[in-house]
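# Examining the three-dimensional arrangement
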Amino acid sequence: MPPYNSINLHPSSFGPSDLSLHTYDVIFIGSGWPANVGAARVTQAGMKPVIVESELIGGDCPYWACIPSKALLRPGEALQDAKSVPGIAITNGLDADAVFRGRDSWTGDWDDQVLIPSIGGDDADFVRGHGKVVGVKKVRVENTNGESVTLEARQAVVICTGSEPVIPNIPGLADANPWIPRQATSTSQVPKNLVILGAGAVGCEMATIFANLGGKVSLISSTKELLPRTDPEAGALVRQSLVDLGVEMYLSAEVTGVQRKRDGTLEVQLKHGSVIHATEILISTGRRPRVKDIGLEQLGIAVNGSRIPVDESLCVGLESGEWLYAAGDVNGRAMMSHTAKYHARVVVNAIIARKTGAKPTITEWGSLSATADKYAVPQVVFTRPTVASVGLTRQAAEAAGRSFREVTAPLKTEGAELRAIGYKDGWAQWIVDAESGQLLGATFVGDDAADLLHASTVAIVGGLTIARLAHAIPSFPTMSEVYLNLIEAAGF
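Predicted model, so just to flag it, every value in this text is computed and none were measured.

## Here's the deal with the layout of surface pockets
Within this model, the second largest pocket holds a volume of roughly 570 Å³. Along the wall of the second largest pocket there are 24 residues; nearest its centre are Ser241, Arg384, Pro385, Lys424 and Asp447. Elements that contribute at least two residues to the lining of the second largest pocket include exactly helix H2 (66-83), helix H6 (201-212) and helix H7 (232-244). Taken together, the residues that form the lining of the second largest pocket break down as eight nonpolar, eleven polar and five charged. For the lining of the second largest pocket, the domains that each give at least three residues are domain 2 (174-285) and domain 3 (385-490).

## Examining the environment of Pro11
By the secondary structure assignment, Pro11 is in the segment before strand S1 (23-29). C-alpha of Pro11 to C-alpha of Asp111: the two residues are 100 residues apart in sequence and 9.0 Å apart in space. With near-sequence residues (within four places) excluded, Pro11 lies in contact with Leu56, Asp112 and Arg128.

## Here we look at the sheet that holds strand S8 (residues 193-197)
What the four strands build is an open sheet, ordered S10-S9-S8-S14; its pairing is parallel. Looking at strand neighbours, the two that pair on one side only are strand S10 (248-250) and strand S14 (280-283), the edges of this open sheet. Going from strand to strand, the sheet's axes swing by 20 degrees on average, the running direction of each strand aside. Contacting S8, strand S9 (216-220) and S14, H6 runs over the sheet at an angle of about 165 degrees to S9.

## Comments concerning the UniProt feature "domain: FAD/NAD(P)-binding" (unreviewed entry) in the chain
The positions that UniProt labels "domain: FAD/NAD(P)-binding" (unreviewed entry) are, in the present scheme, residues 24-342. For the annotated span residues 24-342, helix accounts for 26% and strand for 25% of the residues, and the straight-line distance between the end C-alpha atoms is 23 Å.

## A few points about the sheet that holds strand S11 (residues 255-260)
Across the sheet, which stays open at both edges, the three strands sit in the order S11-S12-S13 with antiparallel pairing between neighbours. Unpaired on one side and paired on the other, S11 and strand S13 (275-278) mark the two borders of the sheet. Pairwise comparison of adjacent strand axes, ignoring direction, gives a mean angle of 15 degrees for this sheet. Pairing analysis gives five bridges linking S11 to strand S12 (residues 266-270), with the strands arranged antiparallel. Paired with Gly257 across the two strands is Gln269, which belongs to S12.

## Topic: unusual backbone geometry
Cis geometry marks the peptide bond from Arg384 to Pro385; its omega dihedral reads 10 degrees. Locating Pro385 in the fold gives a position in the loop between strand S17 (378-381) and strand S18 (386-391). Geometrically, the link from Phe476 to Pro477 is a cis peptide bond, its omega value of -5 degrees lying close to zero. With respect to the helices and strands, the residue Pro477 is situated in the loop between helix H13 (466-469) and helix H14 (482-489). You will see that Asp109, though not glycine, has its phi angle at about 55 degrees, which is positive. In this structure, Asp109 sits in the loop between helix H3 (96-107) and helix H4 (112-115).

## Quick notes on the nonpolar core
Ranked by internal contacts, the top residues of the largest apolar core, which has 62 residues, are Ile27, Phe28, Leu151, Val157, Val158 and Ile308. Only S1, helix H1 (33-44), strand S2 (49-53), strand S3 (125-128), strand S5 (138-142), strand S6 (148-159), strand S16 (324-326) and helix H8 (337-354) provide two or more residues apiece to this core. The element best represented in this core is S6, accounting for seven residues. What Val157 contacts, discounting residues up to four positions off in sequence, is Ile27, Ile29, Val133, Lys137, Val139, Trp323, Leu324 and Tyr325.

## With respect to the pairing of S5
Burial along S5 is one-sided: Val139 and Val141 are buried, and none of Lys138, Arg140 and Glu142, which face the opposite way, are. Taken together, the five bridges between strand S4 (residues 130-135) and S5 define a ladder with antiparallel strand orientation. Across the sheet, the residue bridging to Val133 is Val139, located in S5. Bridging between S5 and S6 involves five bridges; their strand directions are antiparallel. Pairing of Lys138 across the sheet is with Glu152, part of S6. Between S5 and S6, which pair antiparallel and follow one another directly, the connecting turn spans five residues, one of which, Gly146, has a positive phi of 85 degrees.

## A short note on H6
An ideal rise of 1.5 Å per residue puts 16 Å on twelve residues; H6 measures up with 17 Å between its terminal C-alpha atoms. Within H6, the full set of buried residues consists of Gly203, Cys204, Glu205, Met206, Ala207, Thr208, Ile209, Phe210 and Ala211. Two residues or fewer past H6, Gly214 is found with a positive phi of approximately 100 degrees.

## A short note on the UniProt feature "binding site: NAD(+)" (unreviewed entry) in the chain
Mapped onto the present numbering, the UniProt feature "binding site: NAD(+)" (unreviewed entry) falls on Gly198, Ala199, Gly200, Ala201, Val202, Gly203, Cys204, Glu205 and Gly286. The largest pairwise C-alpha distance within this set of annotated residues, which runs over 89 residues, is 13.7 Å, so the set is compact in three dimensions. Along the chain, Gly198 falls in the loop between S8 and H6. For Gly198, a relative accessible area of 8% translates into the label buried. Every residue in contact with Gly198, bar those within four places of it in the chain, is listed here: Gly203, Leu219, Ile220, Ser284 and Thr285. Along the chain, the position of Cys204 falls in helix H6. Residue Cys204 is classed as buried on the basis of its relative accessible area of 0%.

## Quick word on the pairing of S2
With respect to burial, S2 is a largely interior element, five of its five residues being buried. A two-sided burial pattern is seen for S2, the buried positions comprising Pro49, Ile51 and Glu53 on one face and Val50 and Val52 on the other. Relative to S2, S1 runs parallel, the two being bridged by four bridges. Of the residues in S2, the one forming a bridge with Val26 is Pro49. Between S1 and its parallel partner S2, the chain crosses via H1, and the hand of that crossover is right-handed. As paired elements, S2 and S3 share four bridges and run parallel to each other. Residue pairing in the sheet places Glu53 in a bridge with Arg128 of S3.

Conventions and cut-offs
Residues numbered from 1 in each chain as written. Predicted model: local features only at pLDDT ≥ 70, side-chain atom pairs only at ≥ 80, totals over all residues. Heavy atoms only, no water. 1 Å grid on protein atoms, 1.4 Å probe; cavity = no way out; pocket = protein on both sides within 12 Å on 5 of 7 lines; lining within 4 Å. Points joined across faces, edges and corners; volume = space filled by probe spheres on them. Helix = DSSP H or I, 4+ residues; strand = E, 2+ residues; numbered from the N terminus. Nonpolar A, V, L, I, M, F, W, Y, C, P; charged D, E, K, R; others polar. Domains from an automatic or database assignment. Contact = heavy atoms within 4.5 Å. Pairing = 2+ DSSP bridges. Axes fitted to C-alpha atoms, helices over the stretch in contact; angles between N-to-C directions. UniProt positions renumbered as here; feature names shortened; annotations may be inferred. Core = buried A, V, L, I, M, F, W, Y, C linked by side-chain atoms within 4.5 Å. Buried < 20%, exposed > 50% of the residue type's maximum accessible area, 1.4 Å probe, protein only. Expected span 1.5 Å × (residues − 1). Right-handed = clockwise from strand over helix to strand, strands pointing away.

The following block contains the structure:
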């Protein structure tokens, strides 16, 4: 894999002059999951979509985010799985070059011509360039060569431009040429000394990857514990695992300056006086919606780098009518790939419902409402142990003033131990409404815990009580018996 700065982000295909149409039923600005899923559903409804993309078609997920990061994580997971099973002799560790080559195959070597056939359905059109709303249902597209075209939508314009990393205002940081996740997921070199700034999902996953590949990693966070959006029990288990991998932890720490030396190395200064020496620094301190220069201001939408406000159907309220939507990260409701797919379904359902000009009824949990954003958003952090959660954590329930009961239990089951002798206990949690007994949230922390999550997601969406879940019998011997652990801990 060549360095990130040598990747061609603006191929010459699909230029504005290549379009045979200038009027479409739906225009998608951005080509990530909302456009991918949404355009396919638009064509299934007998309408014609066009997808506008300023960089590689497909968005961040297949090239820089979910796909390459999980491809880089999987070899380390498989190695640890094999080491834990008796009778399997492991003599070598990971081959970093082979791991990177495997990652490259998943990204199509950053050539979107390989992935385009799977994006947006068979009948979607594509155009490369920066898309900007210039009027009611009108979008101007201009590419890097100065070629432009103005497109018009019969029904709707959907903004799905995603999000971008937030670079902290730390003296010297911007001048030190820091990595953002794009460089981390596309590199083919393991930094000798990598400093990661931020201990959320991305920071912890990247620390896992590069520690597995033999690099020295230092993780810095202003928070007291890793994964601050989860309850601290989860972060503590991940922290101990990373420490066991050799990762150095600097928690409740503040970076006061960064300097790139003449020899290319870095010095990272901390407030308490420590200096960390590194070869690269990765910024993973959060993301913000990508809303710059897409025409929102002229529509009276003042975002200034913040999310685009939408209603429950993800429609942007405008005096000119209900024709503009914002889906995925750009609306800031739930910034994950799987919720972007969910948003696509809601948006297209809303577009179809409004096609006749009638004002549809939007109800909670109805097909025109992104209700799950408020109650049942799942997230998996693919560290080791894995952290899988949905709905409310204990901290979130307390912050919301909810009256709740917390149920905790070990994640370990006989099924888990059959998969890996000496399987660690892990940690499982339910957050239960104190009055109704309905499940409000669930967290599972342990190896291979990701696929345990969906049952709790379904239970929350379905409004199930713990008393009813006590009748859902987990099969033996499987990891799903963690549900039996929780049911027994709840007293049923």
